[in-house]
Amino acid sequence: MQVRNKLFPYPVINHNAVFSNFKDLDFFMEFEPLETEAAYILKNVHFVTDSQTINQLYEEGKIEITMIVECSDTVYRRGYEVGRESKGIILPKVDFTEKVDISMFATAKKPFKLSSNELEEDYQGLEFDIDQYDILGVYDGFNVRFKHEEAEETLVQSIFAINVDHDLEEGKYVVECNIGRKISITLSEKDYLNYKVIYTVPTYKEVFFNMLLVPSLIEGLSLCKQVLNDETKDLDDVGNQYLWFRSIQTAYKRLKGIDLTTDEFSKMSPVTLAQDLLGKPIGESLSKLVNETNKIDIGGSENA
């Protein structure tokens, strides 16, 4: 969970000074990272602040400090209480896939009134009603990525799910990009049976890519680019809205050797990117079809 530039009707101390309403004061989490094959470990976790107001509220039991761990891919969210005394927190890697956000917040345990001489000028001399669970301290934190190697999984298997709808009209298909972790392509019963046959034949697999996968991926990438029409959004926001996009980022880095950036993606043509990611299947499919045609012609000449 990240607050970023969210506005509050009361003053909040934020590790990011741009969004903080406390004068030259900080609020953050200290720890020592340790990674093993099975877990990501935060050693000696504790919160730090030079705000007398926040420290006093903590001492009086009016606020609590919680570290939040979230992974949208596995729909994981858990809070860990954090204090001044150091503690260890173990995050088993089996619970996560790809990006994991780790942040920390100070929240009200009960209603109280807040006033302080540590606040910015606009808040000086004012008293604010704080309700239970209101956020008073923000540390947007950081993220780590956990990758589980699946050698047999291809990009196609990562981002596409081919389904059948017995009531769908033959010859038509439906593409849904925002349901679950994959782009869903639904075929009629007859088309689905034909797809199952064609996909097992290497000669015709790229033909299937051109007919179905490339157009579907173009639609998906176009929707992803629309997210960036909001200038406050970045590729993390795209990945949160379209979970399969994270596989696109991984495939792009494997293909190009560099990370895909927000600026680069916003300039890209979805048509070009879709073809690159799927191995430029038009050229491969045409070559294979020409070879098959030549075999037929040669066979016909020999039999004439």
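Residues numbered from 1 in each chain as written. Predicted model: local features only at pLDDT ≥ 70, side-chain atom pairs only at ≥ 80, totals over all residues. Heavy atoms only, no water.

A short note on the overall build of the chain
Tallying secondary structure elements over the chain gives nine helices and 13 strands in all. In the chain, which comprises 304 residues, the share counted as buried stands at 43%. Intrachain contacts of the chain at a sequence separation of at least 6 include 63% that bridge at least 24 residues. As displayed, the chain offers around 17,100 Å² of accessible surface, 49% of which is attributable to carbon and sulfur atoms. (Helix = DSSP H or I, 4+ residues; strand = E, 2+ residues; numbered from the N terminus. Buried < 20%, exposed > 50% of the residue type's maximum accessible area, 1.4 Å probe, protein only. Contact = heavy atoms within 4.5 Å. Areas by Shrake-Rupley, 256 points an atom, 1.4 Å probe, with all protein chains shown as cover.)

Digging into helix 8 (residues 270-277)
Of all the residues in helix 8, the buried ones are Pro270, Leu273, Ala274, Asp276 and Leu277. Summarising the axial view, the buried residues of helix 8 lie within an arc of 165°, below the 170-degree limit, and thus occupy one face. Taken from the residues just after helix 8, Gly279 is the one with a positive phi, measuring 80°. (Arc of directions from axis to C-beta.)

Some details on the sheet that holds strand 11 (residues 160-165)
Spatially, three strands are ordered 11-13-12 in an open sheet, and the strand pairing comes out mixed. The open sheet has two edge strands with one neighbour each: strand 11 and strand 12 (173-176). Across the sheet, the mean angle separating the axes of adjacent strands is 20° when strand polarity is ignored. Two strands pair when backbone bridges link them, and strand 12 and strand 13 (residues 183-188) are joined in this way by four bridges, in the antiparallel orientation. Within strand 13, the residue paired with Glu176 across the bridge is Ser184. (Pairing = 2+ DSSP bridges. Axes fitted to C-alpha atoms, helices over the stretch in contact; angles between N-to-C directions.)

Regarding the nonpolar core
Core analysis: the biggest nonpolar cluster contains 47 residues, and Met29, Met67, Val69, Leu91 and Ile102 have the highest contact counts within it. Tallying contributions element by element places strand 10 (residues 135-146) first for this core, with seven residues. With residues up to four places along the chain from it excluded, the contact list for Val69 reads Tyr76, Arg77, Arg78, Tyr80, Leu91, Phe96, Val100, Asp101 and Ile102. In this structure, Ile162, Tyr192, Leu221 and Leu228 belong to the second largest nonpolar core, which totals 38 residues. (Core = buried A, V, L, I, M, F, W, Y, C linked by side-chain atoms within 4.5 Å.)

Observations concerning unusual backbone geometry
Even without glycine at this site, Asp24 takes up a positive phi of about 50°. The class for Asp24 is exposed, based on a relative accessible area of 78%. Phi at Tyr133 is positive, roughly 80°, even though this residue is not glycine. Mapped onto the secondary structure, Tyr133 falls in the loop between strand 9 (128-130) and strand 10.

Examining the sheet that holds strand 7 (residues 98-108)
The mixed open sheet is built from five strands, whose spatial order is 1-10-7-4-5. Across the chains shown, the open sheet's two edge strands, defined by having one partner strand only, are strand 1 (13-14) and strand 5 (76-82). Inspection of the sheet shows strand 4 (residues 63-71) paired to strand 7 by eight bridges, in the antiparallel sense. By the bridge assignment, Glu64 is partnered in strand 7 with Thr107.

Quick notes on the pattern of salt bridges
The tally for this structure, following the rule as stated, stands at 11 salt bridges. For Glu70, the salt bridge goes to Arg77, with nearest N and O atoms at 2.8 Å. (Salt bridge = Lys/Arg side-chain N within 4 Å of Asp/Glu carboxyl O.)

Description of the confidence of the model for the chain
With 87% of its residues at a pLDDT of 70 or more, the chain has an overall mean of 86. Of all secondary-structure elements in the chain, the lowest mean pLDDT belongs to helix 9 (residues 281-303), at 61, while helix 1 (residues 52-59) reaches the highest, 97. (pLDDT = per-residue confidence, 0-100.)

Here's the deal with the packing of helix 6 (residues 245-256) against helix 8
Look at helix 6 against helix 8: their axes get within 10 Å of each other, and the N-to-C directions meet at 70°. By the angle between their axes, helix 6 is roughly perpendicular relative to helix 8. Note on element contacts: helix 8 touches helix 6 through Leu273, Asp276 and Leu277, opposite Ile248, Ala251, Tyr252, Leu255 and Lys256. Each residue belonging to the contact of helix 6 with helix 8 can be placed in one class, and the counts come to six nonpolar, no polar and two charged. (Parallel < 35°, antiparallel > 145°, perpendicular 65-115°, else oblique. Nonpolar A, V, L, I, M, F, W, Y, C, P; charged D, E, K, R; others polar.)

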